[in-house]
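Okay, here's what each chain looks like letter by letter:
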Amino acid sequence: MTGVKFPELDQLERIIDQLGARAQVDVVTQIQYYDIEFPIYCISVGTTELDAPVLGFFGGVHGLEKIGSEVILSYLQTVAQLLDWDREFLNRLERMRLVFVPIVNPVGVYLGTRSNGNGVDLMRNSPAEGSGKRRLYSGHRISARLPWYRGNKVAMELEAQALCSVVERHLFNSHLSIALDLHSGFGVRDRLWFPYASKKTPFTFIAETLSLKERYDRCYPHHIYTIEPTCKEYVINGDLWDYLFDEFVEQFGSDRLFLPFTLEMGSWIWLRKNPMHLFLKHGLFHPILPHRQQRILRRHFMLFDFLQRSLLYSEQWTKLDQQQRQLNINKALRLWYE
Ligand SMILES: [Zn+2]
């Protein structure tokens, strides 16, 4: 068995070397593709206290949308530098943990495909069933030759299992955690999506999500994100975050708080500026021009920082009294579900 390098994996392994003993590095699993083996790495920095607040970064679930992996790698590179000198950052990490799985679907990133090596769309692969009107892109079990194939019902794909095991170990064990799963390709705006993707039902932490959104709106009134439930745009089957979220609520109710966000980077704007890119392999999902790519690599760092500080100073948006909670729920229903 041989390991094959591709640029993103190569970069990740260089950062891992650079981090040395300052990070905990696990190979969650190895993915076999013909005679090649690809590792799925999980890197964590900060306190090892299980209960501490956690921010998790996940990228490359859809291999074609490798810009997600690249944004995380770029941020991880920054983190490695900050660890050298920034005492405030070090102090922050004594009280929280950052967890990174930059390349969830290494075969997909290597091949430049949305699906994994078995032709399965990992974001359609969980047992979560969508409700209401669905289309082919909602996920189907017809054939692996068609896009959006959900895989068989017997077991989730190894990559999906690896993602779930990291979330269960690092995020479920914490009293307060946020996941960010980076994708690209939908629309012209950057979107921050929260559950559900499978149904148009408000999820358990809608009041807290609204509080966090309003804090962000107040702090950064000119921010770039549309914050909304995924189901506002489409309804799908097999979403991994819906599945994990329901598992979490079943286990912990509202004793702990877990917010999974999908950061869907709107790539149509890249295309609008140069429609010829539509004909390149990565054109729809990846900024082709270097200046545009650089802009996207740094575009989200402010959000990453805001989320860390909001996890550390969470009292105001997580501990809502009865009245505030009801007020927020009513507001959220009007904003997102009418
Ligand atoms: Zn995607």
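This text goes with the structure placed above it.
The model shown is predicted, which means the values in this text are computed figures rather than measured ones. (Residues numbered from 1 in each chain as written. Predicted model: local features only at pLDDT ≥ 70, side-chain atom pairs only at ≥ 80, totals over all residues. Heavy atoms only, no water.)

## Observations regarding the overall build of the protein
Point 1. In terms of regular secondary structure, the protein is built from 12 helices and 8 strands.
Point 2. Oriented by its inertia axes, the alpha-carbon framework of the protein measures out at about 60 × 50 × 45 Å.
Point 3. Looking at the protein residue by residue over its 338 residues, the buried ones come to 58%.
Point 4. Put simply, 81% of the contacts in the protein that link residues at least 6 apart link residues at least 24 apart. (Helix = DSSP H or I, 4+ residues; strand = E, 2+ residues; numbered from the N terminus. Buried < 20%, exposed > 50% of the residue type's maximum accessible area, 1.4 Å probe, protein only. Contact = heavy atoms within 4.5 Å.)

## Topic: the packing of helix α1 (residues 7–19) against helix α2 (residues 67–85)
Point 1. Axis separation between α1 and α2 bottoms out at 10 Å; the angle between their running directions is 15°. As the angle between them shows, α1 and α2 are arranged roughly parallel. Seen from above, α1 lies across α2 with left-handed handedness. The residues of α2 that touch α1, namely those facing Glu 8, Gln 11, Leu 12, Ile 15, Gln 18 and Leu 19, are Glu 70, Leu 73, Leu 76, Gln 77, Ala 80, Gln 81 and Leu 83. (Axes fitted to C-alpha atoms, helices over the stretch in contact; angles between N-to-C directions. Parallel < 35°, antiparallel > 145°, perpendicular 65-115°, else oblique. Left-handed = near helix turned anticlockwise from the far one by under 90°.)

## What to know about the packing of aromatic side chains
Point 1. One pass over the full model with this rule turns up 33 aromatic pairs.
Point 2. For the pair Phe 57 and Phe 100, a centre-to-centre distance of 4.8 Å together with 10° between the ring planes defines the contact as stacked. Residue Phe 57 is located in strand β3 (residues 54–59), and its partner Phe 100 is located in strand β4 (residues 97–101); the two are separated by 43 residues in the primary sequence.
Point 3. Judged by relative accessible area, Phe 57 falls into the buried class, the value being 0%.
Point 4. The class of Phe 100 is buried, set by a relative accessible area of 0%.
Point 5. Ring centres 4.8 Å apart and planes at 70° place the aromatic pair Phe 194 and Trp 336 in the edge-to-face group. Of this pair, Phe 194 sits in strand β6 (residues 190–194) while Trp 336 sits in helix α12 (residues 322–336), and the two are 142 residues apart along the sequence. (Phe/Tyr/Trp six-rings, centres within 6.5 Å; stacked < 30°, edge-to-face > 60°.)

## As for the nonpolar core
Point 1. Counting 97 residues, the largest nonpolar core has Phe 58, Leu 98, Phe 100 and Phe 258 as the members making the most contacts within it.
Point 2. The element contributing the most residues to this core is α2, with 10 residues.
Point 3. Beyond its immediate sequence surroundings of up to four residues, Phe 100 is in contact with Tyr 41, Cys 42, Ile 43, Val 45, Phe 57, Ile 72, Tyr 75, Leu 76 and Val 79.
Point 4. Core analysis: the second largest hydrophobic core is formed by 5 residues, Phe 186, Trp 193, Tyr 234 and Ile 236 among them. (Core = buried A, V, L, I, M, F, W, Y, C linked by side-chain atoms within 4.5 Å.)

## A word on helix α9 (residues 290–299)
Point 1. Those residues of α9 not exposed but buried are Arg 292, Ile 296 and Leu 297. Summarising the axial view, the buried residues of α9 lie within an arc of 140°, below the 170-degree limit, and thus occupy one face. The outward face of α9, more than 90 degrees from its buried face, is lined by the exposed residues Pro 290 and Arg 298. (Arc of directions from axis to C-beta.)

## Concerning the sheet that holds β4
Point 1. With mixed pairing, the 8 strands of this open sheet are ordered in space as β1-β2-β4-β3-β5-β8-β6-β7. Looking at strand neighbours, the two that pair on one side only are β1 (24–33) and β7 (225–229), the edges of this open sheet. Ignoring which end each strand starts from, the neighbouring axes of this sheet average 20° apart.
Point 2. Strand direction decides the pairing type here: β1 and strand β2 (residues 36–46), joined by 9 bridges, are antiparallel. Residue pairing across strands places Gln 30 opposite Pro 39, the latter belonging to β2.
Point 3. Contacts between helix α6 (residues 206–219) and the sheet are confined to β5 (176–184), β6, β7 and β8 (257–265), with β8 contributing the most and set at about 55° to the helix. (Pairing = 2+ DSSP bridges.)

## Quick notes on the pairing of β8
Point 1. Counted residue by residue, β8 has 9 buried out of 9 residues, so it is predominantly covered.
Point 2. What you see with β8 is no split at all: Leu 257, Leu 259, Phe 261, Leu 263 and Met 265 on one side and Phe 258, Pro 260, Thr 262 and Glu 264 on the other are buried throughout.
Point 3. Direction of pairing for β5 relative to β8: parallel, over a ladder of 9 bridges. Counterpart to Ile 178 in the pairing with β8 is Leu 259.
Point 4. Examined bridge by bridge, β6 and β8 share 3 bridges and lie antiparallel to one another. Considered in β8, the bridge of Leu 192 is made with Leu 263.

## A closer look at the coordination of the zinc ion
Point 1. For the zinc ion, the full set of protein donor atoms is His 62 (ND1), Glu 65 (OE), Glu 65 (OE) and His 183 (ND1), and the range of their distances to it is 2.0 to 2.6 Å.
Point 2. Here the zinc ion binds 4 donor atoms, and the angle range of 54 to 145° at the metal identifies the geometry as irregular.
Point 3. Within one chain, the residues serving as donors to the zinc ion are arranged as H-x2-E-x117-H. With Glu 65 in the loop between β3 and α2 and His 183 in strand β5, this residue pair connects regions lying 118 residues apart in the sequence. Each member of the pair, Glu 65 as well as His 183, is classed as buried. (Donors = N, O, S within 2.8 Å, 3.2 Å for Na, K, Ca; no water. Tetrahedral: all angles 85-135°; square planar, octahedral: opposite > 155°, others 65-115°.)

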